[in-house]
Amino acid sequence: MTNGQRIAYLRKQKRESQSELAKIMHVSPSTIGMWETGQRAIKDNDLSNLADHFNVTTDYILGRPEPDDGLRVAAHLSDDYDSLPESQKREVQEYIKFKTAQYRKEQQDKKD
């Protein structure tokens, strides 16, 4: 998943349109579209604002691996998981990454 695909995923999770996110970010809707399609790089301050808005880390948006801090989301998934199509399995894994990043951000905010 690309950075832009992660932004689109997060936006859709919040049920926001590109126009709504653009207003929040103080950019044009076309900028959001270009971020999501990888046609425009995201400025550092916009990346930080996106992470704050979606309550995730910038590392999550950038697709960087999270540090191994002992956080275990699930030791195993149900048997139903194995019967899912690969596209659905990827969505489940992406959601787990999203929730993990969200949790880490909340923990970091508590420390700060």
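Residues numbered from 1 in each chain as written. Predicted model: local features only at pLDDT ≥ 70, side-chain atom pairs only at ≥ 80, totals over all residues. Heavy atoms only, no water.

### Details of the nonpolar core
Core analysis: the largest hydrophobic core is formed by 17 residues, its most contacted members being Leu10, Leu21, Leu50, Val56, Tyr60 and Ile61. Contributions of two or more residues to this core are made by helix 1 (3-13), helix 2 (18-25), helix 3 (29-37), helix 4 (44-54), helix 5 (58-62) and helix 7 (86-111). Broken down by element, this core gets its largest block of residues, four residues, from helix 4. Sequence-distant contacts of Ile61, that is, excluding residues within four places in its chain, are made with Asn3, Arg6, Ile7, Leu10, Leu47, Leu50, Ala51 and Val56. (Core = buried A, V, L, I, M, F, W, Y, C linked by side-chain atoms within 4.5 Å. Buried < 20%, exposed > 50% of the residue type's maximum accessible area, 1.4 Å probe, protein only. Helix = DSSP H or I, 4+ residues; strand = E, 2+ residues; numbered from the N terminus. Contact = heavy atoms within 4.5 Å.)

### Comments concerning helix 3
Those residues of helix 3 lying buried are Thr31, Ile32, Gly33, Trp35 and Glu36. Contacts made by the buried residues of helix 3 are with helix 1, helix 2 and helix 4. Just downstream of helix 3 lies Gly38, where phi reads positive at about 75°.

### Quick look at the packing of aromatic side chains
A complete count under the given rule lists three aromatic pairs for this structure. Pairing Tyr9 with Phe98 gives two aromatic rings, centres 6.2 Å apart and planes at 80°, and the pair type is edge-to-face. Of this pair, Tyr9 sits in helix 1 while Phe98 sits in helix 7, and the two are 89 residues apart along the sequence. Judged by its relative accessible area of 14%, Tyr9 falls in the buried class. Classification of Phe98 as buried rests on a relative accessible area of 8%. Ring pairing ties together the aromatic residues Tyr9, Tyr60, Tyr95 and Phe98, which thus form one cluster. A cation sits over an aromatic face here: Arg6 above Tyr60, 5.9 Å from the ring centre. (Phe/Tyr/Trp six-rings, centres within 6.5 Å; stacked < 30°, edge-to-face > 60°. Lys NZ or Arg CZ within 6 Å of the ring centre and 35° of its normal.)

### Quick word on the pattern of salt bridges
A complete count under the given rule lists six salt bridges for this structure. Residues Glu36 and Arg11 are paired through a salt bridge, measuring 2.6 Å at the closest nitrogen-oxygen approach. Placement of Glu36 in helix 3 and of Arg11 in helix 1 is noted, with a sequence separation of 25 residues between them. The same class applies to Glu36 as to Arg11, namely buried. Between Arg64 and Asp59 there is a salt bridge, with the nearest N and O atoms lying 3.1 Å from each other. The exposure class of Arg64 is partly exposed, given its relative accessible area of 48%. (Salt bridge = Lys/Arg side-chain N within 4 Å of Asp/Glu carboxyl O.)

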